[in-house]
Amino acid sequence: MKNFISILCVLVLIVSCTKQDYYEIPKDANGNVLLTGISSTTSTGISTLDGSFTVTATFATAKVGDVMNVELLQLQLPPSGGTTKQLLPMTGTQKTVTVGSDMKATVTYTRDEAMLKSTSDYVTVIFNGATDYAKARVDMVPAVSVSKPTASTIEVDVARTSETAYFKVLVNPKAAAYTGNLIAKRKNGVNDPWTPIAGSPFTGTQPYLVPISGTDFAVGKDTMYYSFNAASGTYNDEVTSKIIVRDPYFYLKKSSTLTLGGSSAGNNLLINGSVAENDVKAQIAVSGSLILKGGSAWLAAGNSIEFVPATLAMYDANNSVNTIAAFNAGVSTTTADPITGVGVFIFKIVNGPAASDIYYGLIKITNVLPGVSATFEYRIGDQYSHLAVIK
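In this text the structure is predicted, and so the values were computed from the model without any measurement. (Residues numbered from 1 in each chain as written. Predicted model: local features only at pLDDT ≥ 70, side-chain atom pairs only at ≥ 80, totals over all residues. Heavy atoms only, no water.)

Engineer: How should I be thinking about the sheet that holds strand 18 (residues 235-244) in this particular structure?
Structural biologist: Strands pair in a sheet through their backbones, by hydrogen bonds, and they do so in one of two ways: parallel or antiparallel. Taken together, the 4 strands give an open sheet; going across it, the order is 15-14-17-18, and neighbouring strands pair in antiparallel fashion. This sheet does not close on itself; its edge strands, each paired only once, are strand 15 (195-196) and strand 18. With 6 bridges connecting them, strand 14 (residues 182-187) and strand 17 (residues 223-232) associate as antiparallel partners. By the bridge assignment for strand 17, Leu182 is matched with Ala230. (Pairing = 2+ DSSP bridges. Helix = DSSP H or I, 4+ residues; strand = E, 2+ residues; numbered from the N terminus.)

Engineer: Looking at this model, I keep getting lost on the pattern of salt bridges. Mind explaining?
Structural biologist: Between side chains of opposite charge, a pair can form as their charged atoms come close. This structure, assessed with the given rule, holds 6 salt bridges. Arg137 is the partner of Asp139 in a salt bridge, and the nearest nitrogen-oxygen pair spans 2.9 Å. Exposure remark for Asp139: the relative accessible area of 29% places this residue in the partly exposed category. Between Asp157 and Arg246 there is a salt bridge; the shortest N-O distance is 3.4 Å. Residue Asp157 is located in the loop between strand 12 (154-155) and strand 13 (164-171), and its partner Arg246 is located in the loop between strand 18 and strand 19 (252-259); the two are separated by 89 residues in the primary sequence. By relative accessible area, Asp157 is classed as partly exposed at 42%. (Salt bridge = Lys/Arg side-chain N within 4 Å of Asp/Glu carboxyl O. Buried < 20%, exposed > 50% of the residue type's maximum accessible area, 1.4 Å probe, protein only.)

Engineer: In this structure, what is going on with the nonpolar core? I would like to understand it.
Structural biologist: Here is a general trend for soluble globular proteins: nonpolar side chains tend to be buried in one another's company. Formed by 53 residues in total, the largest nonpolar core has its most connected members in Val210, Ile284, Phe307 and Phe347. Within the second largest apolar cluster, 25 residues are counted, among which are Ala57, Phe59, Leu116 and Val123. (Core = buried A, V, L, I, M, F, W, Y, C linked by side-chain atoms within 4.5 Å.)

Engineer: Can you help me understand the sheet that holds strand 19 in this one?
Structural biologist: The 5 strands are arranged 19-26-25-24-23 in an open sheet whose pairing can be described as antiparallel. The sheet is open, and its two edges are formed by strand 19 and strand 23 (304-309), each paired on a single side. The mean inter-strand angle of the sheet, taken between neighbouring strand axes irrespective of direction, is 30°. Strand direction decides the pairing type here: strand 24 (residues 344-350) and strand 25 (residues 358-369), joined by 7 bridges, are antiparallel. Its bridge partner being in strand 25, Phe345 is matched across the sheet by Ile363. (Axes fitted to C-alpha atoms, helices over the stretch in contact; angles between N-to-C directions.)

Structure (structure tokens):
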């Protein structure tokens, strides 16, 4: 028994004196525990108008002067065979970099080295050393971006009118600000020839504003193709858009409830804001009954609203030209009973002395609570210029 205890004591002593590196906690010169982080990477990125990209790794456990092996990985079919691509090292992309005093190391690759050709391509950059590791994914992104047709900051479906909306085009390479121009073309049908758009090539301050109008479309041809091309050195980036023109329509649809008495008996239809019946901006209101009419103070200021009965089919069709023609051909009144007919009315608002103060629209009654409230949807804004006013 004594021999067993002695042997056990010797084993404990040996174990306690044995150095076990994998249990050690890193400490500084003062014995304080060092908390290490995780290596990270940043990249300039690469666009379709750039010739190279740079990746910088910031290491957590490496030491100054450490050499890191760097290479690129890309989806490839394995040499051993198979039909499923795998993320594998790219031949000829091996480089070495040295960790600097700032614990960073930087590597640069050309797009040819990385075999980046289109916006669907990407590579993974691997930093690998004896003391640390880092990786980054670099995707090729488009340099040219194009908005939908826009009027007064509002995206619109282009209508067959003489008004002009604009594509907002940005050209943003990663390496430096773009100093070239933008070539814009269009063709009114897939088999038609490309023709320059007025103002092309576009230069100056971005975004480039490329015009589009409903009158650009030939009669009977509702599809237009647009091309936007930017170049930098030997690189080009082209973005295409297909626009289908539509019949003129009311651009905005809103809903509101008028409640007898109080602060929501009226509505400012231009901003869809509830107001009292006697508010000077109450373009539509109820007072005493649920009969729709103009607000008393708004009417007293010389403004007007008129109504002509319409149909659900007209409301759903949302054709502003046909709606305005029906108003002009109908018999207008200054009031509308929400429970009369199908509850759909064309309205005309005169909100001031200028021609631009005239607004047409459609109202569809969706609910009536007798003696209490009337709820309706309405369409308004038949001109791009209205979008700067109607909110």
